[in-house]
Amino acid sequence: MARRRSVGIIALALALALTLLAAATASAATQTVSRTFGPIKIGGYEVKQDTTMGIPNAGVDGYVTDMTVNVVDRRGKPLPISRIMLHHVVFLNMGSPGDMRRDRTCGEFTLWNSRDTLPALAERFYAAGEERAEMHLPPGYGYRVSSRDTWFMVWMLMNHRQMPDEAYVKYTMTIEEQQLRPVTPYWLDVANCSVDPIYNVPGDGRAGSLHRRTAEFTMQESGRVVAGSGHVHGGGQSLSVTQPTCENREVARFLPTWGARSHPFYNVKPILHEPGPINVTTMQSPTGIPVTAGSKLALTSTYDGALPHTRVMGISVIYVSPDEAVTDPCAALPGDISYSERPAGRSTPPRFTVPLTGIDPKTGKAVTIQAPPGRRVALRSGSTVDVRGFAFSKPNIALRKGARLTWRFRDRGAIHNVTLASGPIGFGSDNLDRGTFSQRFTKKGTYRIFCALHPVAMTESVVVR
Ligand SMILES: [Cu+2]
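Here's a quick rundown of the structure.

What counts, and where the lines are drawn
Residues numbered from 1 in each chain as written. Predicted model: local features only at pLDDT ≥ 70, side-chain atom pairs only at ≥ 80, totals over all residues. Heavy atoms only, no water. 1 Å grid on protein atoms, 1.4 Å probe; cavity = no way out; pocket = protein on both sides within 12 Å on 5 of 7 lines; lining within 4 Å. Points joined across faces, edges and corners; volume = space filled by probe spheres on them. Nonpolar A, V, L, I, M, F, W, Y, C, P; charged D, E, K, R; others polar. Core = buried A, V, L, I, M, F, W, Y, C linked by side-chain atoms within 4.5 Å. Buried < 20%, exposed > 50% of the residue type's maximum accessible area, 1.4 Å probe, protein only. Helix = DSSP H or I, 4+ residues; strand = E, 2+ residues; numbered from the N terminus. Contact = heavy atoms within 4.5 Å. Donors = N, O, S within 2.8 Å, 3.2 Å for Na, K, Ca; no water. Tetrahedral: all angles 85-135°; square planar, octahedral: opposite > 155°, others 65-115°. Salt bridge = Lys/Arg side-chain N within 4 Å of Asp/Glu carboxyl O. Pairing = 2+ DSSP bridges. Phe/Tyr/Trp six-rings, centres within 6.5 Å; stacked < 30°, edge-to-face > 60°. Lys NZ or Arg CZ within 6 Å of the ring centre and 35° of its normal.

A short note on empty space enclosed by the protein
Move 1: Counted by the stated rule, this structure contains three cavities of 30 Å³ or more.
Move 2: The volume enclosed by the largest cavity comes to roughly 50 Å³.
Move 3: Lining the largest cavity we find Ile-81, Met-85, His-160, Phe-265, Val-268, Pro-270, Ile-271, Leu-272, His-273 and Pro-275.
Move 4: Its residues assigned to classes, the lining of the largest cavity shows eight nonpolar, two polar and no charged.

The structure is reproduced here in structure tokens:
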């Protein structure tokens, strides 16, 4: 009897322990985890960009349902843009043995020097810029992750102060350990497959005109688009996702909101690029927008066409829940498509002129300049400017209308570009450490130019008469 009772007590204790364990497991099923990468050391007024392999991954096996990112100090406190600006950050996942990932819209990525490429053996699954885009999937869906994943990060940060600084990129994820319906990220990008997917809006149209750029993407599986987000730069009007296969009907539209005139983006000096939006709407649909393997989605990026906007982007990341039961990509759209609310702000991109910035020789501080120091030299069409030693060899140039200028990139190992800050027509070169870039100046006026990677050190003024 005694033995039986003890067995009974043990059984009871075991049952109790199992119950407690189950409760513990249930409470651990959803967790919020934060990971930090850094420190990233950035010189005074430096724009720093890189691709880092092996950043901390989710650390657990499960499904990411929500993800946010910010730039913080050593103690985890968010850094104001008066110190560091997170220009953009992209997260890529190579997966793990037995669950290798590949990017769905690129075979290979072009690297920072615009020349070397790497096979796209990792999928871009989340990104954010100044608008701090967030990933929020509808209930029941998740992006599958494992503690054995290899993660990459493509990032660009700007130091707005004279003194060297350091920053950490902190990303926070809600992770569900139970199985959810997995989503596949599709990266839609009108300048796709580059770690710096930029293009330039000439901005020589009349007031109110628009500039559009479209790219098409082939879906690799049938399923339903359950969420999406967008990224544009200064001057952006909208991002529109359409189905060319279905009379090009619009299935999603992402809208930027711009800060008020008093917003730090327009007031924290130096201003090293045209400020981006403070928010871009995100889309959710628990039912999902139908897509089928082989059908196409198009992304159209629309910008203001009346002012130049250089080195802009047009990107949307959408999340597809694979479902072989979807056979008609043109089936009726679900009734549950919803968008995040737009914050207070301006709904159309403000007119903004990017100033040239130089260094005050006395204080070493950044100041707005009209032109770099030095005399202006008149050049014939076909003349060349050397880009060498972190400088343009001829910083002040006068040209006749219609003349062509060629920049020769001669800083081996250091990448530069030639980018319009302000002027009659927008243009920008690739990021280059060799080779040349040419531009014909077809409109009279003053062209203020900089290297967007070294905007304080490398400036140039071209007056076209
Ligand atoms: Cu440069």
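Details of the nonpolar core
Move 1: Counting residues in hydrophobic clusters, the biggest one holds 55 residues, and the most contacted among them are Met-67, Phe-91, Tyr-126, Trp-151, Leu-157, Tyr-171 and Met-173.
Move 2: In terms of residue count, the dominant contributor to this core is strand S4 (residues 84-96) (seven residues).
Move 3: Setting aside anything within four residues of it in sequence, one finds Leu-157 in contact with Ile-40, Ile-42, Glu-46, Val-47, Lys-48, Val-71, Ile-84, Met-85, Leu-86, His-87 and Ala-167.
Move 4: Within the second largest apolar cluster, 44 residues are counted, among which are Ile-81, Ala-403, Phe-441 and Val-462.

A word on the coordination of the copper ion
Four donors placed tetrahedrally about a metal ideally form angles of 109.5 degrees, and six donors placed octahedrally ideally form angles of 90 or 180 degrees.
Move 1: Every protein donor of the copper ion is listed here as His-416 (ND1), Cys-451 (SG), His-454 (ND1) and Met-458 (SD), and their distances to the metal cover 1.9 to 2.7 Å.
Move 2: Its four donor atoms give the copper ion angles of 83 to 139° at the centre, a pattern that matches the irregular case.
Move 3: His-416 sits in the buried class, given a relative accessible area of 0%.
Move 4: For Met-458, a relative accessible area of 0% translates into the label buried.

Here's the deal with the pattern of salt bridges
Move 1: Following the criterion strictly, the structure yields 16 salt bridges and no others.
Move 2: Across the pair Arg-124 and Asp-103 runs a salt bridge, and its minimum N-O distance is 2.9 Å. On the criterion of sequence distance, the pair formed by Arg-124 in strand S8 (residues 123-129) and Asp-103 in the loop between strand S5 (99-100) and strand S6 (108-110) is long-range, its members being 21 residues apart.
Move 3: With relative accessibility at 7%, the residue Asp-103 sits in the buried group.
Move 4: Its salt-bridge partner being Glu-221, residue Arg-104 comes within 3.4 Å of it at the nearest N-O pair. With Arg-104 in the loop between S5 and S6 and Glu-221 in the loop between strand S16 (210-218) and strand S17 (223-232), this pair connects stretches of sequence that are 117 residues apart.
Move 5: Each of Asp-99, Arg-101, Glu-123 and Arg-144 takes part in salt bridges that share partners, so that together they form one network.

Some remarks on the layout of surface pockets
Move 1: Approximately 480 Å³ is the volume found for the largest pocket.
Move 2: Along the wall of the largest pocket there are 33 residues; nearest its centre are Leu-92, Phe-109, Arg-124, Val-154 and Val-195.
Move 3: Looking at the lining of the largest pocket, the elements with two or more residues in it are strand S2 (47-55), S4, strand S7 (117-119), S8, strand S11 (150-159), strand S14 (184-189), S17 and strand S25 (314-322).
Move 4: Across the lining of the largest pocket, the residue classes tally to 23 nonpolar, eight polar and two charged.
Move 5: Of the pockets and cavities examined, the second largest pocket occupies roughly 410 Å³.
Move 6: Along its surface, the second largest pocket is lined by 32 residues, and His-273, Glu-274, Thr-310, Arg-311 and Thr-419 are the ones closest to its centre.
Move 7: Among the secondary structure elements, those contributing two or more residues to the lining of the second largest pocket are S4, S11, strand S24 (309-312) and strand S34 (419-422).
Move 8: Tallied by class, the residues present in the lining of the second largest pocket amount to 16 nonpolar, 13 polar and three charged.

Comments concerning the sheet that holds strand S37 (residues 459-464)
Two modes of strand pairing occur in sheets, parallel and antiparallel, and in both the strands are linked by backbone hydrogen bonds.
Move 1: Reading across from one edge, S29-S32-S37-S36-S34 is the order of the five strands in this open sheet, with mixed pairing throughout. Sheet topology places strand S29 (377-378) and S34 at the edges, where each strand pairs with a single neighbour.
Move 2: Inspection of the sheet shows strand S32 (residues 396-399) paired to S37 by four bridges, in the parallel sense. Bridge pairing in S37 links Ala-398 to Val-463.

Some words on the sheet that holds strand S26 (residues 338-339)
Move 1: What the five strands build is an open sheet, ordered S14-S25-S17-S22-S26; its pairing is antiparallel. Taken across any chain shown, the strands that pair with only one partner, and hence form the sheet edges, are S14 and S26.
Move 2: Alignment of strand S22 (residues 283-291) against S26, held across two bridges, turns out to be antiparallel. For Met-283, the partnering residue across the bridge sits in S26 and is Tyr-339.

So, the packing of aromatic side chains
Move 1: Applying the stated criterion to the full structure yields 14 aromatic pairs.
Move 2: For the ring pair Tyr-266 and Phe-352, a centre distance of 5.7 Å and an interplane angle of 55° mean the geometry is tilted. In this pair, Tyr-266 sits in helix H2 (residues 264-267) while Phe-352 sits in the loop between S26 and strand S27 (356-359), placing the two residues 86 residues apart along the sequence. There is no split in this pair, since Tyr-266 and Phe-352 are both buried.
Move 3: A ring pair is formed by Phe-441 and Tyr-447, whose centres lie 4.8 Å apart and whose planes are at 85°; its orientation type is edge-to-face. The pair formed by Phe-441 and Tyr-447 is uniform in burial state, with each residue classed as buried.
Move 4: Feature note: the residues Phe-91, Phe-125, Tyr-126, Tyr-143, Trp-151 and Tyr-171 constitute an aromatic cluster, connected by ring pairs.
Move 5: When the ring centre of Tyr-266 is taken as reference, the NZ or CZ atom of Arg-346 above it lies at 5.3 Å.

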